[in-house]
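Residues per chain, in single letters:
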Amino acid sequence: MLELIFLGTGGGRFATITQKRRTGGIRLISEQDKVNIHIDPGPGALIYSLEMGLDPQKIRAIFVSHSHIDHANDAEPLIEAMSEGTVRKRGILVASKSVLRGNDICESSISKYHQAMPEKVIEASVGSSFEVDGLEVSVCRAVHSDPDTVGFRFNVKDFGSFAYMPDSEYFSGASNFYSGLRLIILSVLRPSGQPWEGHMTTDDAIKIIEEVRPEMAIITHFGMQMIYKGPEREAELIEKKTGVPTKAAFDGMRVLLSKEIIVGRRVGKGRDLTSFFG
Ligand SMILES: [Zn+2]
Ligand SMILES: [Zn+2]
């Protein structure tokens, strides 16, 4: 049984600098299988992790989809936590080429000093696959202003697959990477009718979901326009258009991936499963 916890649901420059929604990324935890993965640690990942009782020193892997601060800012402090305060080479860092080495547009966002701390560093290139703590991971395409941006698909024993698609516009052939999923997490920065090249609107999300037909969709990574419009309304619109159950994430939201996909309440202090449905 695996649990997803949203340490943030904001994205883009203004949601980040105002923290109208938090930008801490997503934690993936399974106590019995020793999975503890942090995906896209934007600003606040460390602080919210501590505040929510999710010990950052228990993190075993950090995934960074691209080199923008709302995805990568807290990767370095989390690497320090993961490597026992830099004392021991520990954990796995999975990151796009831009994050590790930079490209023509973006500088690398994790220093060489920090890249030397994990036990293993995997450069995530589209189409590659590998295993992290018993989860099969495959690297998916995304089309964003950082050309090296990647999505991640996880195959979970006794559950099936879910995927996280970071900032991306719709592109044809999305089903080559994101089909056959039980759950897709989409970074819907903008509401319907507000297109922006390289970024996802509700309209893009509808096209993607219609093409890949997951069992369920969760939208997150909301920019200011999306926050003011109301992510729940946009999720309803997606669900109405596609017929796929769609939920707008909120800060602290927990999702249990079991036989069913169960969206739970906000994480408070401590995170015992008995209070999951409370
Ligand atoms: Zn972003
Ligand atoms: Zn971005």
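Residues numbered from 1 in each chain as written. Chains lettered and ligands numbered in written order. Predicted model: local features only at pLDDT ≥ 70, side-chain atom pairs only at ≥ 80, totals over all residues. Heavy atoms only, no water.

**A closer look at the coordination of the zinc ion (ligand 1)**
Then step 1. At this site the zinc ion (ligand 1) is bound by Asp-70 (OD), His-71 (NE2), Asp-167 (OD) and His-221 (NE2), with donor distances of 2.1 to 2.3 Å.
Then step 2. Around the zinc ion (ligand 1) sit 4 donor atoms, and with donor-metal-donor angles ranging over 84 to 163° the site reads as irregular.
Then step 3. Counting residues between consecutive donors of the zinc ion (ligand 1) along the chain gives the motif D-H-x95-D-x53-H.
Then step 4. For the pair the zinc ion (ligand 1) and the zinc ion (ligand 2), the metal-to-metal distance amounts to 3.5 Å, and Asp-167 bridges them.
Then step 5. Exposure remark for Asp-70: the relative accessible area of 9% places this residue in the buried category.
Then step 6. For His-71, a relative accessible area of 0% gives the class buried. (Donors = N, O, S within 2.8 Å, 3.2 Å for Na, K, Ca; no water. Tetrahedral: all angles 85-135°; square planar, octahedral: opposite > 155°, others 65-115°. Buried < 20%, exposed > 50% of the residue type's maximum accessible area, 1.4 Å probe, protein only.)

**Some remarks on the confidence of the model for the chain**
Then step 1. Considering every residue of the chain, the mean pLDDT works out to 94; 95% of them sit at 70 or more.
Then step 2. In this model residues 270-278 is a low-confidence stretch, pLDDT under 50, and it forms 26 contacts with partners more than four residues away in sequence or in other chains. (pLDDT = per-residue confidence, 0-100. Contact = heavy atoms within 4.5 Å.)

**Some words on the environment of Gly-264**
Then step 1. The residue Gly-264 is located in strand 16 (residues 261-266) in this model.
Then step 2. Sequence spacing of Gly-264 and Ile-29 is 235 residues, and the spatial spacing of their C-alpha atoms is 14 Å. (Helix = DSSP H or I, 4+ residues; strand = E, 2+ residues; numbered from the N terminus.)

**Overview of the packing of aromatic side chains**
Then step 1. Applying the stated rule across the entire model yields 4 aromatic pairs.
Then step 2. Each ring, one from Phe-63 and one from Phe-152, has its centre 5.0 Å from the other, and the planes form 85°; the classification is edge-to-face. You can see Phe-63 sitting in strand 4 (residues 61-64) and its partner Phe-152 sitting in strand 9 (residues 150-156), a full 89 residues away along the chain. For the pair shown, Phe-63 and Phe-152 are each scored as buried.
Then step 3. The ring of Phe-171 carries Arg-141 above its face, with NZ or CZ at 4.7 Å from the centroid. (Phe/Tyr/Trp six-rings, centres within 6.5 Å; stacked < 30°, edge-to-face > 60°. Lys NZ or Arg CZ within 6 Å of the ring centre and 35° of its normal.)

**Re the coordination of the zinc ion (ligand 2)**
Then step 1. Protein ligation of the zinc ion (ligand 2) involves His-66 (NE2), His-68 (ND1), His-144 (NE2) and Asp-167 (OD), the donor distances falling in the range 2.1 to 2.7 Å.
Then step 2. Bound by 4 donor atoms, the zinc ion (ligand 2) shows angles of 87 to 170° at the metal and therefore irregular coordination geometry.
Then step 3. Donor residues for the zinc ion (ligand 2), ordered by position in the chain, follow H-x1-H-x75-H-x22-D.

**Remarks on the pattern of salt bridges**
Then step 1. Within the structure shown, the criterion is met by 7 salt bridges.
Then step 2. Residues Glu-51 and Arg-22 are paired through a salt bridge, measuring 3.1 Å at the closest nitrogen-oxygen approach. One end of the pair, Glu-51, is in helix 2 (residues 45-51); the other, Arg-22, is in the loop between helix 1 (12-18) and strand 2 (23-30), with 29 residues separating them in the sequence.
Then step 3. Classification of Arg-22 by relative accessible area gives partly exposed; the value is 22%. (Salt bridge = Lys/Arg side-chain N within 4 Å of Asp/Glu carboxyl O.)

**Considering the packing of helix 8 (residues 202-212) against helix 10 (residues 231-242)**
Then step 1. Contact geometry of helix 8 with helix 10 gives a least axis separation of 10 Å together with a crossing angle of 35°. Once helix 8 is placed against helix 10, the crossing between them reads as right-handed. Within the contact between the two elements, helix 8 uses Thr-202, Ala-205, Ile-206, Ile-209 and Glu-210 and helix 10 uses Glu-234, Leu-237, Ile-238, Lys-241 and Thr-242. (Axes fitted to C-alpha atoms, helices over the stretch in contact; angles between N-to-C directions. Left-handed = near helix turned anticlockwise from the far one by under 90°.)

**Re the nonpolar core**
Then step 1. In terms of nonpolar packing, the biggest core is built from 36 residues, with Ile-37, Phe-63, Phe-154 and Phe-162 touching the most fellow members.
Then step 2. Examining the composition of this core, we find that 4 residues originate from one element, strand 9, more than from any other.
Then step 3. Excluding its chain neighbours within four sequence positions, the residues that come into contact with Ile-37 are Ile-26, Arg-27, Leu-28, Ala-61, Phe-63, Val-132, Leu-135 and Phe-154.
Then step 4. Ranked by size, the runner-up nonpolar core spans 29 residues in total, among them Met-165, Met-200, Val-212 and Ala-235. (Core = buried A, V, L, I, M, F, W, Y, C linked by side-chain atoms within 4.5 Å.)

**Quick notes on the pairing of strand 11 (residues 183-190)**
Then step 1. Most of strand 11 is tucked away, with 8 of its 8 residues classed as buried.
Then step 2. Note: strand 11 against strand 13 (residues 216-220), 5 bridges, orientation parallel. Its bridge partner lying in strand 13, Leu-183 is registered against Met-216.
Then step 3. Pairing geometry for strand 11 and strand 12 (residues 200-201), over 2 bridges, is parallel. Residue pairing for strand 12: Arg-190 is matched across the bridge by Thr-201. (Pairing = 2+ DSSP bridges.)

**Some thoughts on helix 8**
Then step 1. Buried within helix 8 we find Thr-202, Asp-204, Ala-205, Ile-206, Ile-208, Ile-209 and Val-212.
Then step 2. Two to three positions downstream of the cap, the backbone nitrogen of Asp-203 sits 3.2 Å from a side-chain oxygen, assigning the N-cap of helix 8 to Thr-201.
Then step 3. In the stretch just after helix 8, Arg-213 is the one whose phi turns positive, near 45°. (Polar contact = N/O pair within 3.5 Å; in protein donor to acceptor, adjacent residues only side chain to side chain.)

**Topic: the pairing of strand 2**
Then step 1. Taking burial as the measure, the 8 residues of strand 2 include 8 buried ones, the bulk of the element.
Then step 2. Across 5 bridges, the pairing between strand 1 (residues 2-8) and strand 2 is antiparallel. Bridged to Ile-5 within strand 2 is Arg-27.
Then step 3. In this structure, strand 2 lies alongside strand 3 (residues 35-39), joined through 5 bridges in antiparallel fashion. Paired with Ile-29 across the two strands is Asn-36, which belongs to strand 3.

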